[in-house]
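Read off the chains here:
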Amino acid sequence: KSNPLFLEMQTLFCSTDGRNCPLMFVMRLFELQPELIVHFHYHSVPFSSVQECLTSTEFTEHIRKVMTVIDAAVQSLDALPSLEEYLISLGKKHHAIGIPLESFNTVGESLLFALESGLGDVFTSDTHDAWSGLYAIVVSTMSRGWGK
Ligand code: HEM
């Protein structure tokens, strides 16, 4: 069973309606850390603009992947250690691709910004705290894959 708020978050991220969550996310991400764009490349060619990045299926698919991982963590709140091995290996994978560890903070901040803008009143300060607390657990577990 999926948490309704997370379903709403995922729907927001997968839609390109008026609230345009992926756009908010990507604009914020590259506003905070423009150099991150070089890490999102597929078929070995880096994107040359934010527009190009945003309109690529691979990039929007990756946002969906991030949300799926967070959702899995929400589903396993009572049994987070069951996700531990997966998260460590996910971290290891990102380390191998050359992603700087600190960039995960920028991703978290941008996701929160986009969700807050898209969800409006539904996104209370409690939601904010619960979400950022959970995201922090996910990335700190992923960070254990660094250097492994
Ligand atoms: C895979 C980049 C952060 C979850 C990938 C790939 C790239 C990438 C290039 C491989 C291609 C693909 O599957 O799309 C990045 C960058 C990040 C970042 C640049 C930060 C700036 C995250 C975070 C999460 C995440 C925070 C989850 C909380 C995933 C997943 C995959 C993936 C689930 C697929 C792994 C697999 O195929 O086994 N990422 N990522 N990523 N990423 Fe990230």
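In what follows, the structure referred to is the one given above.
In this report, we go over the structure that sits alongside the text. (Residues numbered from 1 in each chain as written. Predicted model: local features only at pLDDT ≥ 70, side-chain atom pairs only at ≥ 80, totals over all residues. Heavy atoms only, no water.)

**Some thoughts on the site of the ligand**
If you check the shell around the ligand, you find 19 residues, and the closest are H62, K65, K93, H94 and I99. Take K65: an N or O atom from its side chain is 2.5 Å from an oxygen atom of the ligand. K93 has a polar side-chain atom sitting 2.7 Å from an oxygen atom of the ligand. Put simply, the parts of the chain that give the shell around the ligand at least two residues each are α4 (57-75), α5 (81-97), α6 (103-119) and α7 (125-143). No other element matches α5, which puts 5 residues into the shell around the ligand. Residues belonging to the shell around the ligand are distributed by class as follows: 13 nonpolar, 4 polar and 2 charged. (Near = heavy atom within 4 Å. Polar contact = N/O pair within 3.5 Å; in protein donor to acceptor, adjacent residues only side chain to side chain. Helix = DSSP H or I, 4+ residues; strand = E, 2+ residues; numbered from the N terminus. Nonpolar A, V, L, I, M, F, W, Y, C, P; charged D, E, K, R; others polar.)

**Regarding α5**
Over its 17 residues, α5 runs 25 Å from end to end, which matches the ideal 24 Å to within 8%, given 1.5 Å per residue. Looking only at α5, the buried set comprises L83, L87, I88, L90, G91 and H94. Projected onto a plane normal to the axis of α5, the buried residues spread over an arc of 165° and lie on a single side. Turned more than 90 degrees away from the buried face of α5 sit E85, K93 and A96, all of them exposed. Of the surrounding elements, those touching the buried residues of α5 are α4, α6 and α7. Just downstream of α5, G98 is the residue with a positive phi angle, here 100°. (Expected span 1.5 Å × (residues − 1). Buried < 20%, exposed > 50% of the residue type's maximum accessible area, 1.4 Å probe, protein only. Arc of directions from axis to C-beta. Contact = heavy atoms within 4.5 Å.)

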